Amino acid sequence: MNLDLLKQKRADYFAKKLSKLNASLAASKARSTAPEDTGAVVGENGPVQTPDNYMIRCPKCGKQVNRERVVKRKYVCYECEGYFRVRVPNRIRMVADPHTFEPWFAELPTQNPLSYEGYEEKLAQAREKTGLDEAVTVGRCKVFGEDIVLGICDSRFLMSSMGHVVGEKITAAIERAIEYRLPVFLFCCSGGARMQEGIVSLMQMAKTSAAVQKLGEAGLLYCTILTDPTTGGVTASFAMLGDVIMAEPGALVGFAGPRVIKQTIGQELPEGFQTAEFLVEHGIIDGIVKRETLKKTIYFLIKAHQSKEKQYAEFTPGKDSHFVLSEILKEQSFKVRPLNAWEKVKAVRKVERPQACDYMEHIFDFFVESHGDRAFRDDPAIVGGLAFLDGQPVTVIAEHKGKDIKECQRRNFGMPMPEGYRKALRLMKQAEKFNRPIISFVNTAGAFCGIEAEERGQGEAIARNLREMAALKVPVLCIFIGEGGSGGALATAVGNEVWMLENATYSILSPEGFASILWKDASRAREASEVMHITAQDLKQLQVIERIIPEFGGADSTTVAAIGGYMKEQIMDFLKRCQGMSGEELAAQRYERFRKF
């Protein structure tokens, strides 16, 4: 098909659209003078669609839906909550402050490296159809006043396949982001490599990945948002290399698509295979972001990655966070009898004892969870993510047992698998890269011991955490809020300082296990708890911990706010003590802390 014919077809198309518009206007005028308004517009050939009642088909549920309502919901179906694919201009409006987007590299020269027949014509058709110069648009914009580099892939342009121009635009945008010291946010969508460019398209995978590495070495944030669909060479390169990887609900994401897998090996695929939700469950991406919160999420990520070395206590000016204990809790603290070791063991094992998430509500401004080890699974026994502490960004790691029997089973009673420790380490290394302090809440009977854990390398995962945590170049504070069992607890407790709640325990193994091994009698667990020196008071004397956090009569629903408020003040003091220390000084201090044992 030549260009003249294409132009003629385009002219005919717009002539038809203009004719329909004129008919619609005439019908509207006639309706305004009619004696009765039924809400319908009637033309010569029956009802006419206007912007108010224009109907489109949802690609997910197949129902006819009102376009205006869908647009107001940011192109989300009100019948099934399915996501429509979004064009570049609409995506820019969702994300960027008005009139701030500045496009870059809009006219890069196109080549036909393999001299593939008809390729130039296909590109010309795609440009004519979409109004875009290529499958990806890159540029600079502001998000709530913060500058970012923004890239958007559009599936309408050859299914957003990655040719040499796509690879060049992404690479050049990243290089310019390094020059301007800006974070990069890239909306990914692709059918994979561009077949017409063959091996040259394949080389773009390596080129873009190398550029992302350069961005990381510069200490700059790279975030990807995976949209429907993201597959092939794009998935196997820049799309999956984000410091933070998010996806829109229901998006298809995978290397080999479901159809290819089924046709190639004849395997039956599970329900929801390769959806965004599937990837979260399997630990591949950080989480799912809805369009209604998309811009705010991007802004949160920008602010959470702006910390500088030695600046660990940049709290919001003028905000008074001084903790004051109520008179009721003062009196309760005075009257309650201290527990012995065995009583503390039983107390920390109670399901109703507050969990890390309960304290976090009273410590942090807000918390956003990150999921997965990027390799196998998201272990719910360990919760981790980003938070703000009076304006100071921090990374939070927390073992979570659960608050009822059903949740305890889902979270494996707080006993992490290898992927849980690897998730924690991933988030801690990310914190180090972006100069964020780490706050770790420890509460586990120990690492899970079982066939699955051994198959996936439990010992290696714990050992790697111990080594890597020892060398982290940011402040690390570890707080035991319940049980601390063996190496499974230590794997997230290599800190510059280690604290314990008043009735928490920390031991080489459970009292039952100690009695079984040394005395061949598990029934002597009570006696074992007394000789093992596992209480906060014992460990303070042994200089294993630096501070004991009071429970004001016992940790429960009536004291959780007070304990959280007290911890918040003490954590802020800890960060003030770390202010001004270099990464090397922090790592050296941590080494010396454990060297003395």
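Refer to the preceding data block for the structure.
Rules used in this analysis
Residues numbered from 1 in each chain as written. Predicted model: local features only at pLDDT ≥ 70, side-chain atom pairs only at ≥ 80, totals over all residues. Heavy atoms only, no water. Helix = DSSP H or I, 4+ residues; strand = E, 2+ residues; numbered from the N terminus. Buried < 20%, exposed > 50% of the residue type's maximum accessible area, 1.4 Å probe, protein only. Contact = heavy atoms within 4.5 Å. Areas by Shrake-Rupley, 256 points an atom, 1.4 Å probe, with all protein chains shown as cover. Lys, Arg positive; Asp, Glu negative; His and termini not counted. Charge placed at Lys NZ, Arg CZ, Asp CG, Glu CD. 1 Å grid on protein atoms, 1.4 Å probe; cavity = no way out; pocket = protein on both sides within 12 Å on 5 of 7 lines; lining within 4 Å. Points joined across faces, edges and corners; volume = space filled by probe spheres on them. Core = buried A, V, L, I, M, F, W, Y, C linked by side-chain atoms within 4.5 Å. Pairing = 2+ DSSP bridges. Patch = residues over 30% accessible without salt bridge, like charges linked within 9 Å, V, L, I, M, F, W, Y side chains within 5 Å. Salt bridge = Lys/Arg side-chain N within 4 Å of Asp/Glu carboxyl O.

Draft legend 1. The arrangement of the overall build of the chain in detail. Scanning the chain from N- to C-terminus turns up 23 helices and 19 strands. With respect to the three principal axes, the spread of C-alpha positions in the chain is 90 × 65 × 55 Å. For the chain, the proportion of its 597 residues judged to be buried stands at 51%. The contacts in the chain between residues at least 6 apart in sequence include a share of 72% that link residues at least 24 apart. If you sum the accessible surface of the chain, you get close to 28600 Å²; carbon and sulfur atoms cover 55% of it. Charged side chains of the chain number 79 positive and 76 negative; the gap between the two group centres comes to 3 Å.

Draft legend 2. Representation of the environment of F157 within the structure. Checked against the element boundaries, F157 lands in the loop between β7 (146–153) and α5 (164–180). On the basis of relative accessible area, F157 is assigned to the buried category, the value being 0%. Taking the C-alpha atoms as reference points, F157 and E530, 373 residues apart in sequence, are found 71 Å from one another.

Draft legend 3. Highlighting empty space enclosed by the protein. For the structure on display, the rule yields 1 cavity of 30 Å³ or more. Volume-wise, the largest cavity comes out at about 40 Å³. Lining of the largest cavity is provided by V138, V149, L150, G151, I170, A173, I174, V184, F185 and L186. Counting only elements with at least two residues in the lining of the largest cavity, the list comes to β7, α5 and β8 (184–190).

Draft legend 4. Local environment of the nonpolar core. Counting residues in each nonpolar core, the largest one holds 77 residues, and the members touching the most others are F185, F238 and L301. Leaving out residues up to four positions away in the same chain, F185 has contacts with I148, V149, L150, G151, L221, C223, I225, I298, L301 and I302. Counting 66 residues, the second largest nonpolar core, distinct from the first, contains Y312, I382, Y566 and L586.

Draft legend 5. Local environment of the pairing of strand β6 (residues 136–143). Most of β6 sits inside the fold, with 6 of its 8 residues counted as buried. Inspection of the sheet shows β6 paired to β7 by 8 bridges, in the antiparallel sense. Bridge assignment links G139 to a residue of β7, and that residue is L150. Linking β6 to β7, which pair antiparallel, is a turn of 2 residues; within it F144 sits at a positive phi near 50 degrees.

Draft legend 6. A nonpolar patch on the surface, seen in detail. Side chains of I199, L202 and M203 sit close together on the surface and give an oily, nonpolar patch of about 290 Å² of accessible area. Secondary-structure assignment places M203 in helix α6 (residues 198–217).

Draft legend 7. Up close: unusual backbone geometry. Residues D228 and P229 are joined by a peptide bond in cis, for which omega reads -10 degrees. Residue position: P229 is located in strand β9 (residues 222–231). Unlike most non-glycine residues, H533 shows phi in positive territory, near 55 degrees. Along the chain, H533 falls in the loop between α20 (525–531) and α21 (536–541).

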